[in-house]
Amino acid sequence: NTFGKSALLNAIHYALFGEVQPDFNEPDKLLNLEAERSRESSLSISLEFEFQRVSYQIRRCREHIFHAGSRVTHRDQAKLHKIDPKSGSWHEMPYYQQLINRAIPQEMASHFIFHGEKRVHDFATPVTHRRVGDAIRKILGCTVLELTIKDLLMIGRKLELAIAVAS
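My aim in this report is to walk through the structure given alongside it, one point at a time.

Parameters at a glance
- Each chain carries its own residue numbering, running from 1 in the direction its sequence is written.
- Owing to the predicted nature of the model, reporting of local features is limited to residues with pLDDT of at least 70; listing and counting of side-chain atom pairs is limited to 80 or more, with chain, interface and lining totals taken over all residues.
- Calculation of side-chain values draws on the structure's entire complement of heavy atoms; hydrogens and water are dropped beforehand.
- Note on conventions: DSSP H or I runs of at least 4 residues are helices, E runs of at least 2 residues are strands, and numbering of each starts at the N terminus.
- By the criterion applied in these results, polar contacts are pairs of N or O atoms within 3.5 Å in which, for protein atoms, one can donate a hydrogen and the other can accept it, and in which residues neighboring in sequence qualify only through two side-chain atoms.
- Relative accessible area decides the class of each residue, using a 1.4 Å probe on protein chains only: under 20% of the type maximum gives buried, over 50% gives exposed, and in between gives partly exposed.
- By arc we mean the arc of the directions from the helix axis to the C-beta atoms, nothing more.
- Here, a strand pair is defined by DSSP locating no fewer than two bridges between the strands.
- An expected span of 1.5 Å times one less than the residue number is assigned to each helix.
- Axes, fitted as lines to C-alpha atoms, cover a helix only where it is in contact. Angles between the N-to-C directions of the axes lie from 0 to 180 degrees.
- When a carboxyl oxygen of Asp or Glu is within 4 Å of a side-chain nitrogen of Lys or Arg, the pair counts as a salt bridge.

Here Ser167 lies in the segment after helix 7 (142-166). From its side chain, Ser167 meets the backbone oxygen of Ile163 in a polar contact 2.7 Å long.

Gln97, Leu99 and Ile100 are the residues of helix 3 (residues 96-103) that are buried. One side of helix 3 carries all its buried residues, which in axial view fall inside an arc of 160°.

Both faces of the sheet carry side chains from a regular strand, because those side chains alternate between them. In this sheet, strand 2 (residues 54-66) lies alongside strand 1 (residues 42-51) in antiparallel orientation, the contact comprising 10 bridges. Within strand 2, the residue paired with Ser42 across the bridge is Glu63. Count of turn residues in the strand 1/strand 2 antiparallel hairpin: 2 residues, of which Gln52 carries a positive phi of about 50°. Two strands pair when backbone bridges link them, and strand 2 and strand 3 (residues 72-83) are joined in this way by 12 bridges, in the antiparallel orientation. Its bridge partner lying in strand 3, Arg60 is registered against Ala78. Turn length for the strand 2-strand 3 hairpin, with the two strands adjacent in sequence and antiparallel, is 5 residues, and the turn residue Gly69 shows positive phi of about 75°.

Now for helix 1 (residues 5-17). Here helix 1 is 13 residues long and its end C-alpha atoms lie 18 Å apart, about the 18 Å a rise of 1.5 Å per residue gives. Looking at helix 1, one finds that the buried residues are Asn10, His13, Tyr14, Ala15, Leu16 and Phe17. With its phi angle positive at about 75°, Gly18 sits one or two positions after the end of helix 1.

One open sheet holds the 4 strands; their spatial order is 1-2-3-4, and the pairing between them is antiparallel. Since the sheet does not close on itself, it has two edges, and those belong to strand 1 and strand 4 (90-93), each with one partner. With direction set aside, neighbouring strand axes in the sheet form an average angle of 30°.

Moving on, we come to the pattern of salt bridges. Evaluated as defined, the whole model comprises 1 salt bridge. One salt bridge in this structure joins Arg62 and Asp76, with 2.7 Å as the shortest N-O distance. You can see Arg62 sitting in strand 2 and its partner Asp76 sitting in strand 3, a full 14 residues away along the chain. By relative accessible area, Asp76 is classed as partly exposed at 39%.

Pasting the structure below:
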């Protein structure tokens, strides 16, 4: 209903991962049309979140560089700060993406941060069951279990072969 839910969800996704969701129509156009027309050159997104009882703030900035004609390029910058609960001071975290990926792995983010209208359309497609099944397996960590089972079966076959050779 054009009230900005998808824009908000894309802003969260961009703040966490530095990119918009794959189904975003124009991923290089993060400035709204009015800001672009007035040649505003930057945008920033700040997101505060808590992970393992520690508060953090991620801030991503994008500087747009306007070239001759209508060509626009951009430069991105990100900083993550850990917020000290006692003093309120912020301490910059150098390896921010690893921490964010521990909180919510990027390959799973689309299952938690998604466009409602577009996701409803996904459920109406012929590949619905496979997509939903894949999403559930990822959320539950089943892909790791499935790989472990394959590895154990392979080790079992190698042991059987080694025992047969040794006999």
